[in-house]
Amino acid sequence: MITFYGREKNMWKILKEDVEVVFDQDPAARSYLEVILTYSGLHAIWAHRLAHAFYKRKLYFIARVISQISRFFTGIEIHPGAKIGRRFFIDHGMGVVIGETCEIGDNVTVYQGVTLGGTGKEKGKRHPTIKNNVLIAAGAKVLGSITIGENSKIGAGSVVLRDVPDNSTVVGIPGRVVVQNGKRVRKDLNHRDLPDPISDKLKELEKEIGKLKAELDNLKKKEGVQ
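Reading guide: rules and limits
Residues numbered from 1 in each chain as written. Predicted model: local features only at pLDDT ≥ 70, side-chain atom pairs only at ≥ 80, totals over all residues. Heavy atoms only, no water. UniProt positions renumbered as here; feature names shortened; annotations may be inferred. Helix = DSSP H or I, 4+ residues; strand = E, 2+ residues; numbered from the N terminus. Buried < 20%, exposed > 50% of the residue type's maximum accessible area, 1.4 Å probe, protein only. Contact = heavy atoms within 4.5 Å. Areas by Shrake-Rupley, 256 points an atom, 1.4 Å probe, with all protein chains shown as cover. Pairing = 2+ DSSP bridges. pLDDT = per-residue confidence, 0-100.

An unreviewed UniProt entry lists the protein under the name Serine acetyltransferase, with Aeribacillus composti given as the organism. Database annotation for the protein, UniProt heading Sequence similarities (unreviewed entry): "Belongs to the transferase hexapeptide repeat family." The record held by UniProt for the protein lists under Pathway (unreviewed entry) the comment "Amino-acid biosynthesis; L-cysteine biosynthesis; L-cysteine from L-serine: step 1/2."

And the structure:
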């Protein structure tokens, strides 16, 4: 049986780990005082741990109030229902969104603009499960009830809609595994081969414009003959 003192001691250990992981991940961190007073990512995760404690006790209104106050001050939105493990690090943090049924393991790092969200209005488990030791780079979107395997990395700006195996690197829109277990999945892949939806749309527009020009030339020829 876990006593109140035991729970309190464990809570302080987790809060201490939240501070220590900042020094592990951010070379700009200089002192405990600086980290505790100025790091919005740390403030957001501490507020979430408090909100989640109320959420588990079905005190949903208080939990949401805490999470919304945290969002106002930090720019980071974490639903109080999300389950987050130890040593979770949010770097910079502005624009991070984490959904209600999201589950995050230990030693996970996310950067600014990351969304761990759903894909619609479905019920039940609708947000991602992020396993241990995952890094999700700036602006990435991980959507739906999918699993990101241990030790994986999600590249900046990627949109991930499918499960990712352990020890993988994912890039692009939609996200593709380009490295798995230290080996390239596509040996010919380089930066110029990464999926670019804007470039693809521009190419489609160029094709349509070409067709319209051809049709216009045909009409002009017919009018000239007449």
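What follows picks up the thread again.
Quick notes on the overall build of the protein
Helix and strand counts for the protein stand at 5 helices and 16 strands. Split into buried and exposed, the 226 residues of the protein put 36% on the buried side. In the protein, the share of contacts with a sequence separation of at least 24, taken over all contacts with a separation of at least 6, comes to 30%. Entry remark: accessible area of the protein is about 14300 Å², with carbon and sulfur atoms responsible for 58%.

What about the sheet that holds strand E3 (residues 89-90)?
Read from one edge to the other, the open sheet built from 7 strands follows the order E3-E6-E9-E12-E14-E15-E16, with strand pairing classed as mixed. In this open sheet, the two edge strands, each paired with only one partner strand, are E3 and strand E16 (183-184). With 2 bridges joining them, strand E15 (residues 176-180) and E16 adopt antiparallel strand pairing. The partner of Val-179 across the bridge, within E16, is Arg-184.

Overview of the pairing of E15
Pairing of strand E14 (residues 168-171) with E15 involves 4 bridges; the strand directions are antiparallel. For Val-171, the partnering residue across the bridge sits in E15 and is Arg-176. Between E14 and E15, which pair antiparallel and follow one another directly, the connecting turn spans 4 residues, one of which, Gly-172, has a positive phi of 95°. Hairpin connection from E15 to E16: 2 residues lie between these consecutive antiparallel strands, with Asn-181 at a positive phi of about 55°.

Quick word on the sheet that holds strand E10 (residues 141-143)
Two pairing modes exist for strands in a sheet, parallel and antiparallel, and in both the strands are linked by backbone hydrogen bonds. The sheet built from 5 strands is open, its strands ordered E1-E4-E7-E10-E13 with parallel pairing. Since the sheet does not close on itself, it has two edges, and those belong to strand E1 (77-78) and strand E13 (159-160), each with one partner. Where strand E4 (residues 97-98) lies against strand E7 (residues 115-117), 2 bridges are found, and the strand directions are parallel. Bridge pairing in E7 links Ile-98 to Leu-116.

Structural notes on the environment of Ala-137
With respect to the helices, strands and loops of the structure, Ala-137 is situated in the loop between strand E9 (135-136) and E10. For the pair Ala-137 and Ala-156, spaced 19 residues apart in sequence, the C-alpha separation works out to 4.5 Å. The contact partners of Ala-137, leaving out residues within four places of it in the chain, are Tyr-111, Val-114, Ile-154, Gly-155 and Ala-156.

Let's talk about the confidence of the model for the protein
Looking at the protein, the pLDDT average stands at 86 and 88% of residues meet or exceed 70. Note that residues 1-6 has pLDDT below 50 and, in this model, 1 contact with residues that lie over four places away or in other chains.

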